[in-house]
Amino acid sequence: HMKRFESREWRDSMRLRVDYNNMMQEFVGMRGIGAAMLAEQRPQYEAAALRMEEKRGEMKWRQLPFNQSEVVHQILETAAWVRRNCDAFVVLGIGGSALGPIAVQQALSHLRYNDLPAAKRSGPKLYVEDNIDPERMASLMDVIDPARTVFNVITKSGSTSETMSQLLWATDFLKNAVGDAWREHVIATTDAEKGNLIKIAKENDLRTFFVPDGVGGRFSELCPVGLLAAAVCGIDIEELLAGAAYMDALCSEQDALKNPAYILAALEVLAMKQGCNISVLMPYADSLRFMSDWYAQLWAESLGKKLVKDGKVLRFGQTPVKSLGVTDQHSQVQLYTDGPFDKTITFISVEKYRSDVAVPHVFDDIPGIAFLSGHSLGELISAEFRATEHAVTVSGHMNKNIIMPEVNEFTLGQLIMLFEMQTAFAGELLGIDAFDQPGVEEGKNATYALLGKPGYEAKLDELKKAEEAKKKLIV
Ligand code: PA5
């Protein structure tokens with residue numbers, strides 16, 4: 001039968017819109033961006049848009065909505081097997097190998113998915129373990145039955161210490177419970193050739209999915225990294241990919257001012273140049289709260305870069321801040337209105353929530369409460385969004401709004417692609433490599449040294465000296 005996303009009319013009714021009025025001086029006053037500033041940048045935008053077109057083939061993550069029909073088929077088969085045989089599905093991974101699965105699950109599954117009784121859940125319980133806090137891993141053992149659990153170990157490099165330690169732990173846990181059958185309980189998602197995980201997978205005949213070459217961690221949600229966990233939980237991954245494909249088409253527009261991702265990036269880069277070093281993402285939906293964590297990594301790791309040009313060190317980036325409407329109105333909005341002009345706010349508003357709750361007439365004799373009755377919580381949250389957007393705007397702070405008609409697979413696929421394209425285009429405008437992360441190496445190497453990995457002896461000496469010197473200023 002036909003799926004809803006096959007209808008052009010339905011797709012267009014679900015199109016994301018970018019409202020950037022409040023980034024402009026006309027709405028926000030002198031701290032905003034002038035129309036002339038945008039016009040002046042046009043040649044740069046045109047050149048960057050052209051480079052994006054030329055690099056389309058290199059940006060393998062951009063092809064994921066189009067080149068995975070065979071992979072999707074395998075994922076759906078594996079997911080069906082997991083759903084038949086398991087009570088729990090545990091993702092072991094970190095950074096780009098975990099934030100996407102967490103965000104998509106929160107956005108598209110029941111908001112209290114793991115708390116639902118099995119009969120009401122659309123798949124096994126999902127746990128995404130993106131930390132090696134020993135208390136957390138130990139506590140997991142108290143809530144899962146290894147015989148009814150599948151672990152999906154995800155690491156593109158196949159060598160991340162955190163994830164490999166988790167794999168060693170899970171293998172031991174499984175062996176103690178089910179012996180040689182442990183192999184049936186581990187699915188490896190990794191590079192097809194590089195790293196240690198693929199070796200382990202081959203030697204032990206594990207079910208395996210691949211992170212395609214050229215798809216970096218933070219751009220990997222729409223490959224098996226994110227798709228398998230989603231499919232296991234009953235999320236329609238074909239619709240998710242269709243949404244991403246739809247956004248890819250919208251983002252193929254060469255005129256930056258008509259391209260949703262390019263205009264978002266262009267405005268953010270201009271804001272950065274005006275001293276806005278902070279990028280707040282504030283969705284007005286609990287379902288989207290972990291999209292902020294996913295976005296934070298995407299924006300921070302992609303744009304936080306150092307360039308040496310003509311002997312000068314140039315530093316780039318914006319600090320992402322995660323905020324949730326309405327919750328953080330009561331925590332951060334005071335800062336957003338009266339605080340310094342060092343930030344932009346990106347709201348995500350939802351036109352139609354998947355459920356609504358009426359506010360009934362109960363205490364009609366108390367006027368201070370009675371006005372709420374007769375409305376719904378959906379109306380209330382929408383009104384509070386509009387009110388906060390207004391308050392931030394009249395206080396002169398730049399903000400913009402991504403409008404989602406609903407939160408569903410199709411719109412979320414669009415949102416993921418929109419942010420990925422925005423990030424790639426911002427990288428082009430800034431002249432930096434948005435796809436590497438050289439700054440995380442130092443910490444990794446120091447960890448290797450501390451844990452005695454061969455070849456890191458000099459680093460260990462350096463660390464010991466630094467720690468010795470640190471004794472001075474501890475009170
Ligand atoms: O975005 C990135 O590249 C990182 O956050 C990685 O995803 C993270 O370090 C995990 O890497 P890997 O998937 O190789 O284990």
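Please read these numbers as outputs of a predicted model, since none were measured by experiment. The numbers attached to residues start from 1 for each chain and follow its sequence in the written order. In keeping with the model being predicted, local features are shown solely for residues with a pLDDT of at least 70 and side-chain atom pairs are shown and tallied solely at 80 or more, while totals for entire chains, interfaces and linings include all residues. As a rule here, side-chain values come from all non-hydrogen atoms in the structure, and water together with hydrogens is ignored.

Caption draft 1: Structural detail: the overall build of the protein chain. Put simply, DSSP marks the helices as runs of H or I at least four residues long and the strands as runs of E at least two long, and each gets a number from the N terminus on. The secondary structure content of the protein chain amounts to 19 helices and twelve strands. Computed over its C-alpha atoms, the radius of gyration of the protein chain comes to 24 Å, within 12% of the 23 Å expected for a compact globule of 475 residues. Across its three principal directions, the C-alpha atoms of the protein chain cover 65 × 65 × 55 Å. Counting the 475 residues in the protein chain, one finds 50% classified as buried. Any two residues whose heavy atoms approach within 4.5 Å at even a single point are treated as in contact. Counting contacts in the protein chain only where the partners sit at least 6 residues apart, residues at least 24 apart contribute 75% of the total. What sets the accessible areas is the Shrake-Rupley method with a 1.4 Å probe; for residues, cover comes only from the shown protein chains. Of the accessible surface of the protein chain, which amounts to about 22700 Å², a share of 54% is contributed by carbon and sulfur atoms. For this measure, only C-alpha atoms enter the radius of gyration; the expected value for a globule follows 2.2 Å times N^0.38, where N is the number of residues. Under the scheme applied here, a residue whose accessible area is under 20% of the maximum for its type counts as buried, over 50% as exposed, and between as partly exposed, the area being computed with a 1.4 Å probe on protein chains only.

Caption draft 2: Representation of the packing of aromatic side chains in the model. Pairing of aromatic side chains requires ring centres within 6.5 Å, counting the rings of Phe and Tyr and the six-membered ring of Trp. Pairs whose planes differ by under 30 degrees are stacked, by over 60 edge-to-face, and all others tilted. With the rule as written, the count across this model stands at 15 aromatic pairs. With a centroid separation of 5.2 Å and an interplanar angle of 65°, the aromatic rings of Tyr 284 and Phe 385 are classed as edge-to-face. Of this pair, Tyr 284 sits in the loop between strand S7 (278-283) and helix H13 (291-303) while Phe 385 sits in helix H16 (residues 377-394), placing them 101 residues apart in sequence. An angle of 45° between the planes, with centres 4.8 Å apart, marks the rings of Tyr 295 and Phe 419 as tilted.

Caption draft 3: Fine view of the pairing of strand S2 (residues 88-92). Among the five residues that make up S2, five are buried, leaving the element largely enclosed by the rest of the structure. Neither face of S2 is exposed, since Ala 88, Val 90 and Leu 92 on one face and Phe 89 and Val 91 on the opposite face are all buried. In short, DSSP must find at least two bridges between two strands for them to pair. The pairing of S2 with strand S3 (residues 125-129) spans five bridges and is parallel. Paired with Ala 88 across the bridge in S3 is Lys 125.

Caption draft 4: Layout of unusual backbone geometry. The omega torsion across Gly 325 and Val 326 is -5°, close enough to zero to call that bond cis. Mapped onto the secondary structure, Val 326 falls in the loop between strand S10 (319-322) and helix H14 (333-338). The phi torsion at Asp 205 lies on the positive side, around 55°, for a residue other than glycine. Mapped onto the fold, Asp 205 is located in the loop between helix H9 (196-203) and strand S6 (207-210).

Caption draft 5: Local environment of the site of the ligand. The immediate surroundings of the ligand are formed by 13 residues, with Ser 97, Thr 155, Ser 157, Thr 160 and Gln 297 found nearest. For the purposes of these results, a polar contact is taken to be a pair of N or O atoms within 3.5 Å, where, inside protein, one atom must be able to donate a hydrogen and its partner to accept one; residues adjacent in sequence count only when each atom of the pair is a side-chain atom. Here an oxygen atom of the ligand sits 2.7 Å away from a polar atom, N or O, in the side chain of Ser 97. Between the ligand and Arg 218 there is a distance of 3.3 Å, counted from an oxygen atom to a backbone nitrogen or oxygen. Isolated, the ligand exposes 380 Å² of accessible area, and the fraction of that covered by the protein chains is 87%. All amino acids are sorted into three groups, where Ala, Val, Leu, Ile, Met, Phe, Trp, Tyr, Cys and Pro are nonpolar, Asp, Glu, Lys and Arg are charged, and the leftover types, Gly among them, are polar. Within the shell around the ligand, the residues separate by chemical class into one nonpolar, nine polar and three charged. We call a residue near a molecule or strand whenever a single non-hydrogen atom of that residue lies within 4 Å of it.

Caption draft 6: Molecular detail of the environment of Val 90. Here Val 90 shows up in strand S2. Sequence separation between Val 90 and Phe 5 is 85 residues, and the spatial gap between their C-alpha atoms is 30 Å. Look past the residues within four positions of Val 90 in its chain and what remains in contact with it is Tyr 127, Glu 129, Leu 140, Ile 144, Thr 149, Val 150, Phe 151 and Asn 152.

Caption draft 7: Looking closely at a nonpolar patch on the surface. Here a patch means residues that are over 30% exposed by relative accessible area and free of salt bridges, tied together within 9 Å if like-charged and within 5 Å if nonpolar (Val, Leu, Ile, Met, Phe, Trp, Tyr). Take a side-chain nitrogen of Lys or Arg and a carboxyl oxygen of Asp or Glu: if they are within 4 Å of each other, that pair is a salt bridge. Nonpolar side chains collect at one region of the surface, where Val 362, Phe 363, Ile 366 and Ile 369 lie side by side and expose about 360 Å² of accessible area between them. Overall, the relative accessible area of 38% leaves Ile 366 in the partly exposed class.

Caption draft 8: Looking closely at the sheet that holds strand S12 (residues 399-404). Spatially, five strands are ordered S1-S12-S11-S7-S10 in an open sheet, and the strand pairing comes out mixed. Taken across any chain shown, the strands that pair with only one partner, and hence form the sheet edges, are strand S1 (17-19) and S10. Looking at each pair of strands side by side, their axes are set apart by 20° on average, direction ignored. Pairing of S7 with strand S11 (residues 343-350) involves six bridges; the strand directions are parallel. Note on geometry: axes are C-alpha line fits, over the in-contact stretch for helices, and angles between N-to-C directions span 0 to 180 degrees.

Caption draft 9: Spatial organisation of the sheet that holds strand S4 (residues 149-155). Ordered by their spatial adjacency, five strands build an open sheet running S3-S2-S4-S5-S6, and the pairing between neighbours is parallel. Only two strands of the sheet have a single partner each, and these edge strands are S3 and S6. For this sheet, the mean angle separating the axes of adjacent strands, direction not counted, is 20°. Across five bridges, the pairing between S2 and S4 is parallel.

Caption draft 10: Fine view of the environment of Met 59. Counting through the fold element by element, Met 59 comes out in the loop between helix H4 (42-54) and helix H5 (69-85). Among all residues touching Met 59, those that are not within four sequence positions of it are Met 52, Ala 424 and Phe 435.

Caption draft 11: Just the packing of helix H6 (residues 99-108) against H13, in detail. Where H6 contacts H13, the two axes come as close as 8 Å, and the packing angle between them is 150°. The orientation of H6 with respect to H13, classified from their angle, is roughly antiparallel. Once H6 is placed against H13, the crossing between them reads as left-handed. Residues Leu 99, Gly 100 and Ala 103 of H6 pack against Met 291, Asp 293, Trp 294 and Gln 297 of H13. In the contact of H6 with H13, the residues fall into four nonpolar, two polar and one charged. Angular relationships are summarised with four words: roughly parallel below 35 degrees, roughly antiparallel beyond 145, roughly perpendicular across 65 to 115, and oblique for the angles in between. Helix crossings are classified by the rotation of the near helix relative to the far one: an anticlockwise turn of less than a right angle makes the crossing left-handed, while a clockwise turn makes it right-handed.

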